[in-house]
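Residue strings, one per chain:
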Amino acid sequence: MLDLSNLRPDPAALRTPFEGLICCFARRFPPEEGATFNWIAGAGGDGGLEAYWTTPAGDEVGYQAKFHRSSGEVDWSKIDASVSAVLTSHPRLTRYVVALACDLTDEVPGRRGKSGRAHWRDHKAKWETDALARNMSVAFELWDLSEIEDRLTQSCAQGLRSYWLGELELTRCLIPAFDGAMFSMEWKE
């Protein structure tokens, strides 16, 4: 399991290293050819996003990062405030990625309290309604810890894991074992 508490500080992203990681990662995935990447500086004055892509047609794909180590710590009111700000400041937004440094809890019958997934579902529905009221169609997407970990192990993210987490991960390779079977080998520094 990926441990995001070991993120290195980054001078280009003074607010938090997690925001820097998400912005660097987002930059690796342009929504289409010819899009322009914009990394936003300004804690509290960023218009509801850390970074965004602008397509040649003028549409935007935005990214918001919130560092919470557990589903129960997620401050949904702050995410609501970011969504409200981005819907006001970026009327051409078509997709909005919310990155969380934790996985959300699931709904389990008999368990008390609202699960993280239920919070996400309910807030996402509210944000979609708010966007429609502004004549906007925005796809809200969650990048939770497992999604971030999966994306960081893809070849297109080569180097990000090493840079941000100080871990060296070699590409999976198959080596014949002494008994003729194959096994995989990974090395982490």
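Quantities reported herein were computed from a predicted structural model and do not represent experimental measurements.

Visitor: How should I be thinking about the overall build of the chain in this particular structure?
Guide: Across its full length, the chain holds five helices and seven strands. The helix and strand sequence of the chain, counted from the amino end, reads α-β-β-β-α-β-α-β-α-α-β-β. Buried positions account for 39% of the 189 residues belonging to the chain. When contacts within the chain are restricted to residue pairs at least 6 apart in sequence, long-range pairs at least 24 apart make up 58% of them. Counting every atom, the chain has about 10400 Å² of accessible surface; 52% of that belongs to carbon and sulfur.

Visitor: Whenever I open this one, the state of the cysteines confuses me. Can you help?
Guide: Here is the idea: a disulfide is a covalent bond, and it sits between the sulfur atoms of two cysteines. If you walk through the whole model with that rule in mind, you get zero disulfides. Residue C23 stays outside any disulfide, its sulfur separated by 7.2 Å from that of C24, the closest cysteine. For C24, a relative accessible area of 22% translates into the label partly exposed.

Visitor: I keep staring at the side chain of R151 and nothing clicks. Help me out?
Guide: Considering the arrangement of structural elements, one finds R151 in helix α4 (residues 145–152). Apart from the residues within four sequence positions on either side, R151 is in contact with F25, F29, E141, W143 and A157.

Visitor: What is the right way to look at the nonpolar core in this model?
Guide: Generally speaking, a soluble globular protein has its nonpolar side chains buried in company with each other. Counting residues in each nonpolar core, the largest one holds 23 residues, and the members touching the most others are F18, I22, Y63, W143, I148 and L152. Looking at this core, the elements with two or more residues in it are α1 (17–27), β2 (51–54), β3 (60–66), β4 (93–100), α4 and α5 (160–165). Residues C102, W127, M136 and V138 belong to the second largest nonpolar core, which totals 22 residues.

Reading guide: rules and limits
- Residues numbered from 1 in each chain as written.
- Predicted model: local features only at pLDDT ≥ 70, side-chain atom pairs only at ≥ 80, totals over all residues.
- Heavy atoms only, no water.
- Helix = DSSP H or I, 4+ residues; strand = E, 2+ residues; numbered from the N terminus.
- Buried < 20%, exposed > 50% of the residue type's maximum accessible area, 1.4 Å probe, protein only.
- Contact = heavy atoms within 4.5 Å.
- Areas by Shrake-Rupley, 256 points an atom, 1.4 Å probe, with all protein chains shown as cover.
- Disulfide = S-S within 2.5 Å.
- Core = buried A, V, L, I, M, F, W, Y, C linked by side-chain atoms within 4.5 Å.

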